[in-house]
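Chain by chain, the residues:
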Amino acid sequence: MSTRTGAARAVPAPAHRPGSAPGDPRRPGAGQPVRRTRPRVVHSRRPNLLERLHLDGIRLAWVLIPLIALLLGGVVFVNVQRLNLTTQTGRTVDMYNQAQSDILRLRAVLAQKDGQVVEQAVQRLGMVQAPGSGLTYVSVPKEARIGSGQAPRTR
């Protein structure tokens with residue numbers, strides 16, 4: 001015999017029913033001698049669902065329901081935080097777009113004021129703007145360049 005919990009155990013054979021003698025003609029096999037049978041072996045049954053849902057006397061449902069509620073609460077918390085982050089990102093993008101439109105507006109105002117200054121210089125002082133393609137740059141020869149610690153030449 002095994003020492004496991006679910007091991008088979010010996011059960012004695014059922015006793016004769018009262019009123020049914022071994023030689024009773026109403027009984028099948030009447031007139032035959034009564035044989036003693038071996039004790040039959042009854043295997044332990046597998047636990048059913050209700051028995052499996054207990055953890056040392058605690059119903060598994062009392063553990064699983066709060067655990068599932070906690071997990072769902074965590075999912076809701078993560079989704080709320082993600083929604084807040086998305087909202088803040090949207091606000092930041094809106095502020096960036098507003099700043100870009102302000103910059104473009106200010107550049108247009110600056111270009112307008114710059115054009116007015118050039119127009120006033122042409123009218124009041126008679127200045128003419130140099131053509132952009134006709135500019136030449138003057139380069140300084142290497143021997144005329146001022147090194148570190150030297151004073152510039154004035155003559």
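Since the model is a prediction, treat every value here as computed from it, not as a measurement. (Residues numbered from 1 in each chain as written. Predicted model: local features only at pLDDT ≥ 70, side-chain atom pairs only at ≥ 80, totals over all residues. Heavy atoms only, no water.)

Caption draft 1: Examining the overall build of the protein more closely. Tallying secondary structure elements over the protein gives two helices and four strands in all. In sequence order, the protein lays out its α and β elements as β-β-α-β-β-α. Buried positions account for 2% of the 155 residues belonging to the protein. Here the analysis covers contacts within the protein between residues at least 6 apart in sequence; of these, 36% occur between residues at least 24 apart. (Helix = DSSP H or I, 4+ residues; strand = E, 2+ residues; numbered from the N terminus. Buried < 20%, exposed > 50% of the residue type's maximum accessible area, 1.4 Å probe, protein only. Contact = heavy atoms within 4.5 Å.)

Caption draft 2: The arrangement of helix H2 (residues 60-125) in detail. In this model, H2 (66 residues) spans 96 Å end to end at C-alpha, consistent with the 98 Å of a helix rising 1.5 Å per residue. Gly126 sits one or two positions beyond H2 and adopts a positive phi of about 75°. (Expected span 1.5 Å × (residues − 1).)

Caption draft 3: Geometry of the confidence of the model for the protein. For the protein, the mean per-residue pLDDT works out to 78, and 71% of the residues sit at or above 70. Across the protein, the element-wise mean pLDDT spans from 57 in strand E1 (residues 9-11) up to 94 in H2. (pLDDT = per-residue confidence, 0-100.)

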